[in-house]
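Summary of structural features
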Amino acid sequence: MNKPVIARINDIIEQVVSYHPEANTGLVQRAYVYSAKVHHGQTRLSGEPYLIHPLGVAKILADLNLDEYTVSTGLLHDTVEDTYATLDEIEKIFGHEVAFLVDGVTKISKIASTSHEERQAENFRKMILAMSKDIRVILVKMADRVHNMRTLQYVPADKQKKIAQQTLDIYAPLANRLGLYEIKSELEDLGLSYTHPEVYQDIESNLVVTAEQRVKYVAEVIGIIEEKLQEFGIKALVQGRPKHIYSIYSKMIDQNLNFTEIYDITAFRIIVLSRQECYEVLGMIHSIWKPVPGRFKDYISMPKTNMYQSLHTTVIGPYGQRIEIQIRTEDMDRIAKQGIAAHWRYKEGRYIQQKDDHRFAWLQQVMETQSELKDSRDFLETFRVDVFPDEVYVFTPAGEVVQLPKGATPVDFAYRIHTSIGNKCIGAKANGAIVPLRYELKTGDVVEILTQANHMPSRDWLKFVKTTRARNKIHQCVKSQERERSLTLGRDICERELRKHKLGIASLHKGADLFSSAGRDVKTLDDLFAAVGQGRVSVKQLINRILPKELTDEKKQDKEYNASVVKKATDKAGRGISVNGIDDLMVRYGKCCNPVHGDDIRGFITRGRGITVHTVECPFLQSSDPDRILDAQWDVSSKHLASVPVEVICDDMKGILADITAAISTTGVNIINARIRTTPEKKAINIFEVEIGSLKQLDAVMTTIRQVKGVIKVTRLRS
């Protein structure tokens, strides 16, 4: 591989003046002197002075006709990262604009070196663009990579392939996106020469072997085209040269061909004066040689997103060989070579706005806002863009890049990583600091998700997540949780109601129209239970549809009985029943809730068994027939003793059980039963069943237990 020519500062300055006569060349000269000073004594792996590298980068930027601030940045781009120079010093000597560009290049260098995962390449390309508020930052970084690739032979062999692969994965496609086709081609060829050196050398050797024959063929084709152009009265430049090696390699891979099977190795380019002549020349070419069907592309009427324009056609040329021909104007050719850099045009120190800047689709909005700007400084100062305004790019702790929409939160990030991570998410960190789950992620954030094994997502997350994936997964999980709860509740309600009529679950299968009458989405027994649990289907309606007629008649009798009991109770006590205050009504106490004198209570009518008293919170009462429920109040003279379970959680320590039972005894309360178990965490869970005459007495017992040393928690257990 040929050694690159060493650039000289005088040549660079002379080149800048050639396209920008009013440029501040003193800035470039000072940047050169400063770079030489801070890099003094540093050498490259080749043994040459390090200054050769920034000079090479500056030369590439000058070749792209960039302004003096960008060229100066090329000379200074490594100073902050590799020398004692500081950003503040750069700004003090060279101004804010150069310091801003140097800082941007330094940050991108750190980003690009974070990971080399091939599958992350597209995200890194976007990350680099998203982190750059000024396109010139990317152009400097691109020039830096080009020069490094030109001198890659001096890098240790074990690193060459890795750097070359990163170049192919990230920088060559990025150059393509920016329309820098010459840089793209050079990076691809250099990258291939290190990733697949045997293949590269084989193609290069074959090109050398066929060079003489190809030169004759190119001359013959150009002669035919020029003769025809003269006949049509069209002035044009006709060029012919071999395609670059990487494009030949790609075609061999894509179509599974050998080198000898590729016939369109040479590409021809015809450069004309106007857009209209492009189409005239196209017609002329097709009149000479037969076009290959499906191989015509009109990038003039429909430009590529990076503003590339040209007509492409493939024809069957002399001797039956396929030849590819590109037809474009001089301006289109300049844009094809320089891409986004083609926007920098100078005349007497001023930037000239191009009429067709809007062709660069993803910078169209920025271009439109610049239509009134004429001075190059004003244009460049405002030419700071977020090329992906609707996206953010964040890192995993392992250094992988995740692309998310703008406004995305840690919950969106968690679900992008894996559904289970999202479901178990309980918190998040951004750049090492705890952040709320609704925190809006920013490009460059390093995000870590905190999880808990049995945690499930919250419906509230739907209020702030941005991604469809997260929204769907949360909906799915929440819906599943709600269905499980509804199914369990519905089954319990149905079983309890069926038992009252001495029926089982199998009874719900009676009647072919039972499911359909419950709703279109009710197709199985579980669907039916869920509908009951959700309150969409009344369990009474279901019972009425499956009960035999005699039971239905019996139910009518029940209603009459309930009414009579209610009348009797209210006649005896104006405010509902008074427990133990109605002589001829049987009164029982629900074992499910063990009501204590002083609890808020209700009475439930049971045919043939009188009234059962329940606490108002009792789940049985909540799911029962409201027609059977009566208001109730305690009789002042009531002597009812209830068996109440009290749970005591305490430290598992010697003698504590004796202390607790002694404390209970001091209140004069009798312990009916006690159940004790210990946990691996050295805690004891004790359940004491005690005889209680009133709520006041229960409160006194629990207060006394809490005063025992080692007791952690005391709770009255309910059903």
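Relevant structure appears above.
Note that the structure is predicted; figures quoted are calculated from it, not measured.

Moving on to the overall build of the protein chain. Check the secondary structure of the protein chain and you find 28 helices and 22 strands. Buried residues in the protein chain amount to 48% of all 719 residues. In the protein chain, 67% of the contacts between residues at least 6 apart in sequence involve partners at least 24 apart. Put simply, the protein chain shows about 36100 Å² of open surface, and 50% of that area lies on carbon and sulfur atoms.

Turning our attention to the sheet that holds strand 21 (residues 683-692). With respect to topology, four strands assemble into an open sheet ordered 20-21-19-22, the strand pairing being antiparallel. Two strands close off the open sheet at either side, each with one partner strand: strand 20 (671-678) and strand 22 (711-716). Across this sheet, the average inter-strand angle for adjacent strands is 15 degrees, counted without regard to direction. Pairing geometry for strand 19 (residues 642-651) and strand 21, over ten bridges, is antiparallel. Bridged to Val648 within strand 21 is Asn686. Contacts from helix 27 (residues 656-665) reach strand 19, strand 20, strand 21 and strand 22, with the element oriented near 20 degrees to strand 21. Against the sheet, helix 28 (residues 695-706) engages strand 19, strand 21 and strand 22, with an angle of about 165 degrees to strand 22.

Another point: unusual backbone geometry. Positive phi is not limited to glycine here, since Asn594 has a value of about 45 degrees. Relative to the assigned elements, Asn594 resides in the loop between strand 15 (587-589) and strand 16 (601-606). Residues other than glycine seldom take positive phi values, yet Lys682 does so here, at roughly 60 degrees. Residue placement: Lys682 occurs in the loop between strand 20 and strand 21. Judged by its relative accessible area of 64%, Lys682 is exposed.

Below, the discussion takes up the sheet that holds strand 12 (residues 433-435). Reading across from one edge, 12-11-13 is the order of the three strands in this open sheet, with antiparallel pairing throughout. One side of each edge strand has no neighbouring strand; the edge strands of this open sheet are strand 12 and strand 13 (447-451). Neighbouring strand axes in the sheet, compared pairwise and without regard to direction, differ in orientation by 35 degrees on average. Sheet analysis places strand 11 (residues 425-430) next to strand 12, joined by three bridges and oriented antiparallel. Of the residues in strand 12, the one forming a bridge with Lys429 is Ile434. Packed on one face of the sheet, helix 19 (residues 410-417) meets strand 11, strand 12 and strand 13 and runs near 80 degrees to strand 13.

Here is what the cut-offs are and how they apply
Residues numbered from 1 in each chain as written. Predicted model: local features only at pLDDT ≥ 70, side-chain atom pairs only at ≥ 80, totals over all residues. Heavy atoms only, no water. Helix = DSSP H or I, 4+ residues; strand = E, 2+ residues; numbered from the N terminus. Buried < 20%, exposed > 50% of the residue type's maximum accessible area, 1.4 Å probe, protein only. Contact = heavy atoms within 4.5 Å. Areas by Shrake-Rupley, 256 points an atom, 1.4 Å probe, with all protein chains shown as cover. Pairing = 2+ DSSP bridges. Axes fitted to C-alpha atoms, helices over the stretch in contact; angles between N-to-C directions.

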